[in-house]
Amino acid sequence: MTSVDGAMALRRRTVLATALAVVCVSCAAPAFADPVDLTVIDRDTGRPLRVWRHDGRLFVAGRPGARYSLKVANNTDGRVLVVMSVDGVNILTGETANYDQRGYIFDAHESYAVNGWRKSDTEVAAFTFAALPQSYAARTGRPADVGVIGMAVFNERAPVQEPSDEPDQAANDADTARRFEPPPPAPSPEGFAAPTAEPSPPPSAQSAPSARAETFGSSAAAVTAERRDDKLGTAHGARERSVITEVEFERATDYPQFVSQIEYDSYDNLVASGVIQPAWNTQHRPRPFPTHPDGEGFVPDPPGGG
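Now for a description of the structure that goes with this document.

What counts as what
- Residues numbered from 1 in each chain as written.
- Predicted model: local features only at pLDDT ≥ 70, side-chain atom pairs only at ≥ 80, totals over all residues.
- Heavy atoms only, no water.
- Pairing = 2+ DSSP bridges.
- Helix = DSSP H or I, 4+ residues; strand = E, 2+ residues; numbered from the N terminus.
- Axes fitted to C-alpha atoms, helices over the stretch in contact; angles between N-to-C directions.
- Phe/Tyr/Trp six-rings, centres within 6.5 Å; stacked < 30°, edge-to-face > 60°.
- Lys NZ or Arg CZ within 6 Å of the ring centre and 35° of its normal.
- Contact = heavy atoms within 4.5 Å.
- Salt bridge = Lys/Arg side-chain N within 4 Å of Asp/Glu carboxyl O.
- Buried < 20%, exposed > 50% of the residue type's maximum accessible area, 1.4 Å probe, protein only.
- Core = buried A, V, L, I, M, F, W, Y, C linked by side-chain atoms within 4.5 Å.

Let us now look at the sheet that holds strand β10 (residues 116-118). The strand order across the open sheet formed by 3 strands is β10-β11-β14, and the pairing between neighbours is antiparallel. Of all strands in the sheet, those bounded by a partner on one side alone are β10 and β14 (232-241). Recorded for the sheet is a direction-independent mean angle of 35 degrees between the axes of neighbouring strands.

In structure tokens, the structure reads:
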């Protein structure tokens, strides 16, 4: 019995040491948030759609007819421009998406939900899941990139302060005088402020500048396979009031500092493609150690004896 007790004590110490090691490792490797988060929200429930990871890609499952919004959260300490696309189409301009297009501007640590295709300064057409033939992209002759939501994030160029040889008081006087002079002609607007009617934390200025870049989303190569008609896309839904204003924004670079995408389809299609493993795959898979009993350590008789 002495050797058995000693072995059990050693096992307890080993298990404890392993547990402590796991805790230390998890504490030493904190997760770092993306500079800007993109979340797909089910507008009927107000909850984020579950995200599945497959082959390094992110997927969500939509329901035909369901409205959704795109919640963007700026985790940085400065303003950012977010150029957004759905099904390869810029959600503000309706053009085939490119980095060199307008988007929304988010203030530092601001989050906001975008509900639809921008129709005017006061209106959007709701994002609504629909079969591919009814999607806005397919109806406008661009079905190749249906099933993906993307965003390209640009930092703002830091203002350049010109040195002045004038005394501080003189500079202050000059600044005061300029406030009463007729304003110079306004430069062409570069973006849109956040819609004021979107349901989410109240937006501050959001906007959409223009820029130069490459095709946003997938490449412009020809599609090699026919798309299934039952694949899910995003329709041009009902009109909703959503007010925006145009604001100025100068990009720090022509190329985005961060790009993210989320692909989507119906639940059944994601199961069929192997992205989602159905529940029965795991519930009925044989397991070598399905439980950890604390019995006597011997095999009991089956019911009815034997």
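Once that is clear, we can look at the packing of aromatic side chains. We describe a pair of aromatic rings using the distance from one ring centre to the other and the angle between the two ring planes. Tallied over the full model, the rule gives 7 aromatic pairs. An aromatic cluster is built from Tyr 68, Trp 117, Phe 127, Phe 129, Tyr 136 and Tyr 264, whose rings are joined through pairwise contacts. When the ring centre of Phe 154 is taken as reference, the NZ or CZ atom of Arg 251 above it lies at 4.1 Å.

Attention now goes to the sheet that holds strand β9 (residues 111-114). Strand pairing within a sheet occurs via backbone hydrogen bonds; the two strands may be parallel or antiparallel. Pairing in this open sheet of 4 strands is antiparallel, and the strands run β2-β1-β5-β9 from one edge to the other. Among the strands making up the open sheet, the edge pair consists of β2 (47-48) and β9. Where strand β1 (residues 36-42) lies against strand β5 (residues 68-74), 7 bridges are found, and the strand directions are antiparallel. Residue Ile 41 lies in a different strand from β5, and its bridge partner there is Ser 69.

Residue position: Gly 147 is located in the loop between α2 (136-139) and β12 (148-155). C-alpha separation for the pair Gly 147 and Leu 132, spaced 15 residues apart in sequence, amounts to 8.7 Å. Apart from residues no more than four positions distant in its own chain, Gly 147 is found in contact with Asp 87, Lys 231, Leu 232, Ile 262, Glu 263 and Tyr 264.

This next bit is on the environment of Tyr 267. With respect to the helices and strands, Tyr 267 occurs in helix α4 (residues 267-272). Setting aside chain neighbours within four positions, we find Tyr 267 in contact with Trp 52, Ala 61, Gly 62 and Ile 276.

Take the pattern of salt bridges next. All chains considered together, the criterion is met by 9 salt bridges. Measuring nitrogen to oxygen at the nearest pair gives 2.9 Å for the salt bridge that ties Glu 240 to Arg 43. With Glu 240 in strand β14 and Arg 43 in the loop between β1 and β2, this pair connects stretches of sequence that are 197 residues apart. Among the ionic pairs, Glu 240 bridges to Arg 67, the shortest N-O distance being 3.3 Å. Of this pair, Glu 240 sits in strand β14 while Arg 67 sits in the loop between β4 (57-62) and β5, and the two are 173 residues apart along the sequence. With a relative accessible area of 18%, Glu 240 lands in the buried category. Sharing partners across several salt bridges, the network here consists of Asp 42, Asp 44 and Arg 63.

Core analysis: the biggest nonpolar cluster contains 35 residues, and Leu 70, Met 84 and Val 86 have the highest contact counts within it. Of all elements in the fold, only β1, β5, β6 (80-86), β8 (104-106), β9, β11 (123-131), β12 and β16 (258-266) reach the threshold of two or more residues within this core. Ranked by the residues each element gives to this core, the list is headed by β6, at 4 residues. The contacts of Val 86, once residues within four sequence positions are left out, are Tyr 68, Leu 70, Ile 91, Trp 117, Phe 127, Val 148, Ile 149, Thr 234 and Tyr 264. One finds Val 83, Tyr 99, Ile 105 and Phe 154 within the second-largest nonpolar core, a separate group that totals 8 residues.

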